[in-house]
Amino acid sequence: NAGVTQTPKFQVLKTGQSMTLQCAQDMNHNSMYWYRQDPGMGLRLIYYSASEGTTDKGEVPNGYNVSRLNKREFSLRLESAAPSQTSVYFCASIRGPGTEAFFGQGTRLTVV
Amino acid sequence: DAKTTQPPSMDCAEGRAANLPCNHSTISGNEYVYWYRQIHSQGPQYIIHGLKNNETNEMASLIITEDRKSSTLILPHATLRDTAVYYCIVRAALMMDSSYKLIFGSGTRLLVRP
């Protein structure tokens with residue numbers, strides 16, 4: 001049982017480049033989330049998808065777009081990367097309200 | 001979602017109980033209290049959650065005050081591997097828009113001393 005899988009694990013981008021972070025869960029969960037975590041800080045919610053076909057902004061959505069491709073996959077896109085987006089990105093999924101979240105192991109992104 | 005307040009850091013001796021407090025004075029009746037922890041730079045890990053009653057599992061105990069305005073996570077016999085950041089979150093359990101957001105605060109950095 002893989003749980004929540006994020007790819008890639010590490011990435012270095014140049015300023016202005018674009019990339020997509022991938023997240024997939026095999027637990028048939030309804031809701032999925034993207035967070036960023038800067039050094040020494042807590043997790044901040046970027047976007048979330050309450051269910052397949054819906055997405056909503058979180059606390060820090062600027063500079064990002066998301067796609068809930070299907071129930072399993074939720075991708076995060078940086079159209080024009082900036083050094084301020086250097087961070088560790090975590091994906092999470094939840095079956096529904098009242099249940100616990102499961103997290104991926106993170107993607108470490110550096111924008112130079 | 002109700003906001004939570006936690007001390008930024010705590011420490012305890014290995015083998016002793018670690019008691020981590022959380023204040024959630026604006027919690028509403030349909031909101032659960034959840035605890036997660038993050039070891040080093042790994043993805044957060046679920047520990048325990050509760051609504052009104054105290055809860056216990058193989059990892060920890062959760063004590064919720066009668067007025068539900070605060071709670072305490074207890075690690076009964078802390079080990080060095082329990083050194084982590086612990087997050088307290090409140091979240092609605094009903095099928096409503098606000099229940100889908102999952103907002104983390106800054107957490108408590110627990111250091112378990114040898």
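Remember, predicted model here, so these are calculated numbers, not experimental data. (Residues numbered from 1 in each chain as written. Chains lettered and ligands numbered in written order. Predicted model: local features only at pLDDT ≥ 70, side-chain atom pairs only at ≥ 80, totals over all residues. Heavy atoms only, no water.)

Enquirer: Is there a simple way to think about the sheet that holds strand E3 (residues 19-25) of chain A in this case?
Expert: Two orientations exist for strands paired in a sheet by backbone hydrogen bonds: parallel and antiparallel. Residue and element names in this part refer to chain A. Pairing is antiparallel across the open sheet formed by four strands, whose spatial order is E1-E3-E8-E7. Edge positions in the sheet fall to strand E1 (4-7) and strand E7 (65-68), since each of these pairs with one other strand and no more. Strand-to-strand twist in this sheet, taken as the mean axis angle between neighbours without regard to direction, amounts to 15 degrees. (Pairing = 2+ DSSP bridges. Helix = DSSP H or I, 4+ residues; strand = E, 2+ residues; numbered from the N terminus. Axes fitted to C-alpha atoms, helices over the stretch in contact; angles between N-to-C directions.)

Enquirer: Explanation requested: the nonpolar core in the structure shown.
Expert: Side chains of a nonpolar character, in soluble globular proteins, are inclined to be buried together. All names here are of chain B. Counting 21 residues, the largest nonpolar core has Trp-35, Leu-73, Tyr-86 and Leu-110 as its most contacted members. If you list the elements that add at least two residues to this core, you get strand E2 (18-23), strand E3 (31-38), strand E4 (45-50), strand E6 (61-64), strand E7 (70-75), strand E8 (84-92) and strand E9 (108-113). Per-element tally for this core: the top contributor is E8, with four residues. With sequence-adjacent residues up to four places away left out, Leu-73 is seen in contact with Ala-18, Asn-19, Leu-20, Trp-35, Ile-47, Ile-48, Ala-60, Ser-61 and Tyr-86. (Core = buried A, V, L, I, M, F, W, Y, C linked by side-chain atoms within 4.5 Å. Buried < 20%, exposed > 50% of the residue type's maximum accessible area, 1.4 Å probe, protein only. Contact = heavy atoms within 4.5 Å.)

Enquirer: Before we go on, may I ask you to explain the state of the cysteines in this structure?
Expert: One way to say it: the disulfide is the covalent bond shared by the sulfur atoms of two cysteines. Applying the stated rule across the entire model yields two disulfides over all chains. The disulfide that involves Cys-23 of chain A links it to Cys-91 of chain A, with 1.8 Å between the sulfurs. The sign of the S-S torsion, about -75 degrees, decides the handedness of the disulfide formed by Cys-23 of chain A and Cys-91 of chain A: left-handed. Of the two residues, Cys-23 of chain A sits in strand E3 while Cys-91 of chain A sits in strand E9 (residues 87-94), which places them 68 residues apart along the sequence. In terms of burial, Cys-23 of chain A and Cys-91 of chain A fall into one category: buried. The disulfide partner of Cys-22 of chain B is Cys-88 of chain B, and the S-S distance across this bridge is 2.1 Å. Its S-S torsion of about -80 degrees marks the bond between Cys-22 of chain B and Cys-88 of chain B as left-handed, since a negative value means left-handed. Linking Cys-22 of chain B in strand E2 with Cys-88 of chain B in strand E8, this pair joins segments that are 66 residues apart in sequence. Free cysteine Cys-12 of chain B: the closest other cysteine sulfur is in Cys-22 of chain B, separated by 18 Å. (Disulfide = S-S within 2.5 Å.)

Enquirer: I'm lost on the confidence of the model for chain A in this one. Help?
Expert: As a note on interpretation, predicted positions should not be read in detail where pLDDT is low. In this model, chain A carries an average pLDDT of 94, and 99% of its residues clear a pLDDT of 70 or more. By mean pLDDT, strand E6 (residues 56-57) of chain A is the weakest element of chain A at 92, and strand E8 (residues 74-78) of chain A is the strongest at 98. (pLDDT = per-residue confidence, 0-100.)

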